[in-house]
Amino acid sequence: MNQTPHIQVTDLVYRYEPEAPAALDGINLTIPRGQFLAVLGHNGSGKSTLAKLLNGLFLPTEGTVLVSGMDTRDDDHVWDIRRTAGMVFQNPDNQLVATEVYDDVAFGLENIGVPPDDMPPRIDEALRLTGMTAFRDRAPHLLSGGQKQRVAIAGILAMHPEALILDEATAMLDPQGRQEVLQTVLKLNREQGITVVWITHFMEEATHAQRVMVMDHGKIAMDGAPREIFAQVDRLRDLRLDVPPMTQLARLLADRGIGIKADVLNVEEMVKEVKRLCPSCLKA
């Protein structure tokens, strides 16, 4: 992973009204190119506000936000920033505008002035990357929630972004839809090197990230690797957050004197631990 800053936030303060308390207060954040960062926090912690600042939808009250070296306050770079850091919102229906999937993906390209002859290969590639090629002629409103969100992501990808900012993009989806979207974004991060800022309240989704940041009352409360963050069960509970189910199970087993690792993150790791502790337990 390229360690040069892709997104650089310095001394960021944001207020919704001039005299209002700061929604974000003193945020300093560096996101290297190609990193997958998960952002957690209870409702009102500031994570969605941060997302909109990273995309230039909101502008800092104080401090700076640089995206690929471009200052979000610079009017000359507004559209360059939004092309560079594509935003995917919670409700996919709010991002779907056309009667066919292909036309929906084309919509963003039309808005940024891509010549018509250049559009088809970009649309085809975006549909391929999101696994939606077979649905190109379908009506978006007839798709499942996960498929709609993948179309929304394809619309962003067609504009050739360097980063994806997903603000609770799986919150309205069923478990299958959440898995579809997460796996699509993970693939884009790993194979295309796209920087990802994944804002979520699902702890198990955050275990797939390279880095986890926890926000509380407009500040960064925790920042580190998933295994490091989720091992701090009591600290997370103090912040009104839970831990991934397998981490919680490992903690319960450890509290009962079973010699299991405390930093188990997922089912695969739990299976390995059970095999280690009881080699005969999982034999067919």
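Preceding this section is the structure that the text describes.
Since we're looking at a predicted model, the values are computed, not measured. (Residues numbered from 1 in each chain as written. Predicted model: local features only at pLDDT ≥ 70, side-chain atom pairs only at ≥ 80, totals over all residues. Heavy atoms only, no water.)

Visitor: Just to check I follow, could you spell out the overall build of the chain for this structure?
Guide: Each helix and strand in the chain was counted, giving 11 helices and 10 strands. Here the C-alpha radius of gyration of the chain, 20 Å, is about what a compact globule of 284 residues would show, namely 19 Å. Considered along the principal axes of its C-alpha atoms, the chain spans approximately 65 × 55 × 35 Å. When each of the 284 residues of the chain is scored for burial, the buried share is 49%. (Helix = DSSP H or I, 4+ residues; strand = E, 2+ residues; numbered from the N terminus. Rg over C-alpha atoms; globule rule 2.2 N^0.38 Å. Buried < 20%, exposed > 50% of the residue type's maximum accessible area, 1.4 Å probe, protein only.)

Visitor: Help me out: how do you make sense of the sheet that holds strand β4 (residues 62–67) in this one?
Guide: Hydrogen bonds between backbone atoms are what pair the strands of a sheet, whose relative direction is either parallel or antiparallel. A sheet is described by the order of its strands in space; here four strands give the open sequence β2-β1-β4-β5, paired in antiparallel fashion. Looking at which strands have only one partner, the edges of the open sheet turn out to be β2 (24–32) and β5 (70–71). Bridge analysis of strand β1 (residues 5–14) against β2 gives seven bridges, and the strand direction is antiparallel. Bridge pairing in β2 places L12 opposite I27. Taken strand by strand, helix α1 (residues 47–54) contacts β1, β2 and β4, and its axis lies near 120 degrees from that of β1. (Pairing = 2+ DSSP bridges. Contact = heavy atoms within 4.5 Å. Axes fitted to C-alpha atoms, helices over the stretch in contact; angles between N-to-C directions.)

Visitor: Would you explain helix α3 (residues 101–111) in this entry?
Guide: Turn by turn, an α-helix covers 3.6 residues, leaving residues three or four places apart pointing in a common direction. Of the residues making up α3, those classed as buried are V101, Y102, D104, V105, A106, G108 and L109. Summarising the contacts, the buried residues of α3 are in contact with α4 (119–129) and α5 (145–157). After α3 finishes, the residue G113 shows a positive phi value of roughly 80 degrees.

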